[in-house]
Amino acid sequence: TKKTINSYDHVKILDPACGTGVFLSAAAQTLYSKGIAPRDICNSLYGWDKNKEALYVAKVLLSIELGLTNNEQERFFSKNNYIEKDTLIEPIEQNDLFTLKINYVDIEYDFIIANPPYDRLKPDKSSPEYKNEVTEYIKKIKSSYLYPLSSTGVLDLYKLFIVI
């Protein structure tokens, strides 16, 4: 993260698979070490994840790490910088990930940081419900125009993130 972020003032940084925000936390620490105020750091960081609870944990951890006051926390939690979104299958109006239109607002990101999920999509886990869920997810990915090379073989999530 430190090697990626090479400018610091008024930047927008996206993690499209942020989970609990480990990379966003590293970005926050990098910005803070360069003298950026915590409230400005909060405005610089954007996270997407398909897990709503993970997004909440990311925000809580960041607010604690940055030592936000109650008012700053309130503003931070009311911002729409953290979106419940499955980056792999939800359509994004875009030319590329650096210029996106979300809720009819253009957002240009300066940096994209990510540690994509490393998992193989195979419907071979224990429960029948899980098998059905993974099978349906694989069908959605294989039917997407974004992944023309994913029509055969085993799908690795990290490879799909690289394609985007």
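Provided above is the structure to which this section pertains.
Residues numbered from 1 in each chain as written. Predicted model: local features only at pLDDT ≥ 70, side-chain atom pairs only at ≥ 80, totals over all residues. Heavy atoms only, no water.

This part is about the layout of surface pockets. Put simply, the largest pocket is a space of about 230 Å³. When residues of the lining of the largest pocket are assigned to their parent elements, the largest contribution, 6 residues, is made by helix 5 (residues 128–143). Taken together, the residues of the lining of the largest pocket break down into 5 nonpolar, no polar and 5 charged. (1 Å grid on protein atoms, 1.4 Å probe; cavity = no way out; pocket = protein on both sides within 12 Å on 5 of 7 lines; lining within 4 Å. Points joined across faces, edges and corners; volume = space filled by probe spheres on them. Helix = DSSP H or I, 4+ residues; strand = E, 2+ residues; numbered from the N terminus. Nonpolar A, V, L, I, M, F, W, Y, C, P; charged D, E, K, R; others polar.)

Notably, H10 is not glycine yet its phi reads approximately 55 degrees, a positive angle. As for its placement among the helices and strands, H10 is situated in the segment before strand 1 (13–15).

Once that is clear, we can look at the sheet that holds strand 7 (residues 111–112). Pairing in this open sheet of 4 strands is parallel, and the strands run 3-2-1-7 from one edge to the other. On the outer flanks of this sheet lie strand 3 (82–84) and strand 7, each paired with one strand and no other. Bridge count between strand 1 and strand 7: 2 bridges; the pairing is parallel. Note that in strand 7 the partner of I13 across the bridge is F111. With respect to the sheet, helix 1 (residues 22–33) is in contact with strand 1, strand 2 (45–49) and strand 3, its orientation differing from that of strand 2 by roughly 175 degrees. (Pairing = 2+ DSSP bridges. Contact = heavy atoms within 4.5 Å. Axes fitted to C-alpha atoms, helices over the stretch in contact; angles between N-to-C directions.)

Take the nonpolar core next. Judged by nonpolar contacts, the single largest core of 20 residues is most densely connected at I13, L24, L31, I41, L45, L62 and Y82. Residue assignment for this core shows that the elements contributing at least two residues are helix 1, helix 2 (38–44) and helix 3 (52–65). The greatest single-element share of this core, amounting to 4 residues, is contributed by helix 1. Beyond its immediate chain neighbours, meaning those up to four positions away, Y82 contacts L24, L45, G47, L55, K59, L62 and F76. With 11 residues, the next largest nonpolar core counts A17, L88, L155 and L157 among its residues. (Core = buried A, V, L, I, M, F, W, Y, C linked by side-chain atoms within 4.5 Å. Buried < 20%, exposed > 50% of the residue type's maximum accessible area, 1.4 Å probe, protein only.)

Scope: geometric values only; no functional claims are made or implied.
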